[in-house]
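# Notes for the structure review
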Amino acid sequence: MAFDAIVIGTGFGGTVAAAALHKAGKTNVLVLERGTWWITPEKLGKPPAPAQPPKPTIPEFAAAQQPAETVQYWPRPDHKRGIADLLAAVRTSANKKGLYEYSIFKEAHILTASGVGGGSLLYSNVNLRPKDEVLNGIGLNLNQADYDKSRAFMEKYRGKLNKIVTKIPLPGKNVDNLGPDEDYLYLDRSRALRDASKVALPKLKQQLGVEFTVTDEWKPLELSLLEYEEDPNTHKPIGDAADAHTHCERQGRCLLGCLPAARHTLNKTLFQGHKFQGQLFGGYIRDPSSGITLTPQAKVLHIKRTGNNYEVTYEDYRNNQTQTATAPIVFLAAGVLGTTEILLRSQDKGFLNLSKTLGSHFSTNGDFGGFAVGTKNPVYTTRGPINTCDIRVKFETAGNPSPFTGTWITIEDSGIPAMLASFVKGALETLDPQAFSQQMKALWSPNVFTALRNLFPDTSSPDNFQTEAEMLSNIFFFNVMGTDDASGKFTLHNNKLDLNWPANKPIWKNPVFGKIEKVLRELTAAMGGQYASFPLWDKLGDHKLIITHPLGGCPIAPTVADGVIDEFGRVFDGSKPQGAADPFLPGLFVVDGSAIPGALACNPTLTIAAQAIKTVEKALGVAL
Ligand SMILES: Cc1cc2nc3c(=O)[nH]c(=O)nc-3n(C[C@H](O)[C@H](O)[C@H](O)COP(=O)(O)OP(=O)(O)OC[C@H]3O[C@@H](n4cnc5c(N)ncnc54)[C@H](O)[C@@H]3O)c2cc1C
Ligand code: SF4
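These lines cover the structure that appears in this document, whether it is placed above or below. (Residues numbered from 1 in each chain as written. Chains lettered and ligands numbered in written order. Predicted model: local features only at pLDDT ≥ 70, side-chain atom pairs only at ≥ 80, totals over all residues. Heavy atoms only, no water.)

## Some points on unusual backbone geometry
The residue after Gln66, namely Pro67, is reached through a cis peptide bond having omega -10°. Here Pro67 lies in the loop between helix H2 (58-64) and strand E4 (71-73). The backbone of Ala486 shows a phi angle near 50°, a positive value even though the residue is not glycine. Following the sequence through the fold, Ala486 ends up in the loop between strand E19 (475-482) and strand E20 (489-493). Of the residues examined, Ala486 reaches a relative accessible area of 10% and is grouped as buried. Phi is positive for Ala601, which is not a glycine, with a value near 60°. Overall, the relative accessible area of 3% leaves Ala601 in the buried class. (Helix = DSSP H or I, 4+ residues; strand = E, 2+ residues; numbered from the N terminus. Buried < 20%, exposed > 50% of the residue type's maximum accessible area, 1.4 Å probe, protein only.)

Rendered as structure tokens:
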């Protein structure tokens, strides 16, 4: 089949590309996505009045397609039985419909999503802009105007960003700075990070033999989710949450899927077509007149240049057939692993001639996790959005004049969904017994008394831990990002993606992780707890990293010698000599995280969207 344009992937880059193609008036567009629809099983007790004329829901739409499309529902039980639901949602060769793709490489494990809406289905909704120094350090030419556009895209095509650091919505209050009488209304773990930073960071400044800068000391994060709002005069509900009849209930399960449907996932952007009643979201997929066709369960294998077109070959999981589609314009948005793999395979087969740097500049984004076990005050890690607030710090070698000598680090609090509470508690207790005080051990150890206690619950004891929230009441989980040197390299082995670092530079030895642990230890001490690293880091796995923000693989650079694409996402033609007047493969663009040539030291989607918007606006001559 021939199309005007093809988009591969429906995450952040893919949704930006679909929106831009719609705006550019293209009416014969194919969007290919390897995953299926994932939505909440919950129904609103009192939903808003339906749009007029009524529009189908995702399940109604999916059932009406030929062949019918699969709709799946988030992992559900909020206690340990949910772990079975979670495992059933892992993508494997036997379960190609799975949502969670867990890719295991020698030095690092990478978690990504597979579904309509990409990473937005399982991410924790954080929008954060990297420091200018970090952008300059990796040669990413994005300025404030680019970030303003990206933020505007997040709000216009998804919904207002909200800060959620309080236990309940406090309409009209500045939650960055509640007064002392209202301080108890903060989520306990948000307040714990704030208070610990006030003690730990000045101490670190004194101790360290390097300059140590604290820039944004504790700030609530801007999250892509609905918060309850009301008119200050009438006290009636207003805004997005009022239109949707739902808002964040602090259920602490954003990574697993939001049961009240309060998150701005991109499947809504692609599908909804109306802001409940208004005209906010795209809705390209549901609206047959848009000419934008989504084919889920379609995994792209490779791309071939044929004359002025690209032939995209994909495996259609719905009928187990290999299909092709052609178009003069292709936007690659299959994420770091997906896009790099498609291009490596296309190059291997001789279908595309690309830069020799393909697969390089992979960055872990400095992703790192750690725990403060046995905090003096309760933190109730199972409650609230997964990330609520952050602090940013920078190490700088004294006397070094370069503007990028330091290492930026962002530290966020992190929730742990209730269904994982007993697993996390058990793993930490077994693997890091030193971190557990005698008192905590006594409370948690599975022994005959615990078994009896569970049979005959003791209602007179506050320490008779029964709920998931209590199990993690005193365990704080840090989510950290920093700056590594982006020296990972993807290759294809037996048609499968592999990831390695230079033998003399294993990634775990990168100094960023040592610096992060220094800060975490001090923050933990300030919380009155014991530091415990992530089990795969130094207990089970010989310093394995778990990466949730992979970046690079198709790096941006000025020339084909240094990168796969230029700053406008245009793919260099490897057959053209350096300095050629038109050095690109016409119509081929990369618009996802694989374009980002190094660590951002913060959550990346605002940057991925900014870079994608820059690319599509130049390619299609539209303003989003
Ligand atoms: C647990 C977790 C929490 C996170 N929280 C945050 C956060 O709070 N804030 C933030 O900024 N970032 C967060 N991230 C990272 C964020 O999700 C990713 O950076 C982002 O989704 C990447 O966007 P993308 O457009 O590059 O690709 P993706 O969003 O990964 O989309 C790629 C899409 O392409 C599809 N695809 C892949 N291969 C193929 C193929 N061969 N054919 C067809 N389709 C294909 C995939 O199924 C997927 O839908 C989080 C990630 C994880 C895992
Ligand atoms: S905390 Fe719970 S209710 Fe709020 S957005 Fe996350 S999953 Fe939804």
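On we go from here.
## A look at the site of ligand 2
Around ligand 2 sit 13 residues, and of these Cys248, Glu249, Gln251, Cys254 and Cys258 come closest. Across the shell around ligand 2, the residue classes tally to 6 nonpolar, 3 polar and 4 charged. (Near = heavy atom within 4 Å. Nonpolar A, V, L, I, M, F, W, Y, C, P; charged D, E, K, R; others polar.)

## A look at the site of ligand 1
Within the structure, ligand 1 sits among 37 residues, and Glu33, Gly119, Val300, Gly593 and Thr605 are positioned closest to it. Val126 is positioned with one of its backbone polar atoms (N or O) 2.9 Å from an oxygen atom of ligand 1. Between an oxygen atom of ligand 1 and a main-chain N or O atom of Pro604, the distance comes to 3.2 Å. Considering ligand 1 on its own, with 1000 Å² of exposed area, one finds that the protein chains cover 94% of that surface. Elements supplying a minimum of two residues to the shell around ligand 1: helix H1 (12-23), strand E6 (108-113), strand E12 (298-306), helix H9 (335-348) and helix H16 (605-620). (Polar contact = N/O pair within 3.5 Å; in protein donor to acceptor, adjacent residues only side chain to side chain. Areas by Shrake-Rupley, 256 points an atom, 1.4 Å probe, with all protein chains shown as cover.)

## Some points on the packing of helix H5 (residues 144-156) against H16
It is at 8 Å that the axes of H5 and H16 come closest, and there the two elements cross at 100°. Between H5 and H16, the angle is such that the two are roughly perpendicular. Residues Asp146, Tyr147, Lys149, Ser150, Arg151, Phe153 and Met154 of H5 touch H16, and the partners they reach there are Thr605, Leu606, Thr607, Ala609, Ala610, Ile613 and Glu617. Here the residues of the contact of H5 with H16 sort into 7 nonpolar, 3 polar and 4 charged. (Axes fitted to C-alpha atoms, helices over the stretch in contact; angles between N-to-C directions. Parallel < 35°, antiparallel > 145°, perpendicular 65-115°, else oblique. Contact = heavy atoms within 4.5 Å.)

## Some points on H9
In this model H9 runs 19 Å from its N-terminal to its C-terminal C-alpha over 14 residues, within 8% of the 20 Å that 1.5 Å per residue would give. Of all 14 residues that make up H9, 10 are buried, and the element is covered over most of its length. Along H9, the residues classified as buried are Val336, Leu337, Thr339, Thr340, Glu341, Ile342, Leu343, Leu344, Arg345 and Ser346. Following H9 by one or two positions, Gly350 has its phi on the positive side, about 80°. (Expected span 1.5 Å × (residues − 1).)

## Regarding the pairing of E6
By the criterion of burial, E6 is predominantly enclosed, with 5 of the 6 residues buried. Both strand E5 (residues 100-104) and E6 contribute to a ladder of 5 bridges, which runs antiparallel. Across the sheet, residue Ile104 finds its bridge partner in E6, namely His109. Connecting E5 to the next strand, E6, in antiparallel fashion are 3 residues. (Pairing = 2+ DSSP bridges.)

## Some remarks on helix H10 (residues 421-431)
Along H10, the positions that sit buried rather than exposed are Ala421, Ser422, Val424, Lys425, Leu428 and Glu429. On an axial view of H10, the arc spanned by its buried residues comes to 165°, and they lie on one face. Opposite the packed face of H10, turned more than 90 degrees from it, sit the exposed residues Phe423 and Thr430. (Arc of directions from axis to C-beta.)

## Description of the pattern of salt bridges
Under the criterion given, the structure shown has 24 salt bridges. A salt bridge links Lys167 to Asp188; the shortest N-O distance between them is 3.6 Å. Of this pair, Lys167 sits in the loop between H5 and helix H6 (188-207) while Asp188 sits in helix H6, and the two are 21 residues apart along the sequence. Looking at Lys167, the relative accessible area reads 36%, which means it is partly exposed. (Salt bridge = Lys/Arg side-chain N within 4 Å of Asp/Glu carboxyl O.)

## Topic: the sheet that holds E12
Spatially, E12-E13-E14 is the arrangement adopted by the 3 strands of the open sheet, whose pairing is antiparallel. Edge positions in the sheet fall to E12 and strand E14 (321-327), since each has one partner strand and no second. Within this sheet the neighbouring strands show an average axis-to-axis angle of 25°, counted without direction. With 8 bridges joining them, E12 and strand E13 (residues 309-316) adopt antiparallel strand pairing. What sits directly across from Lys304, in E13, is Glu311.

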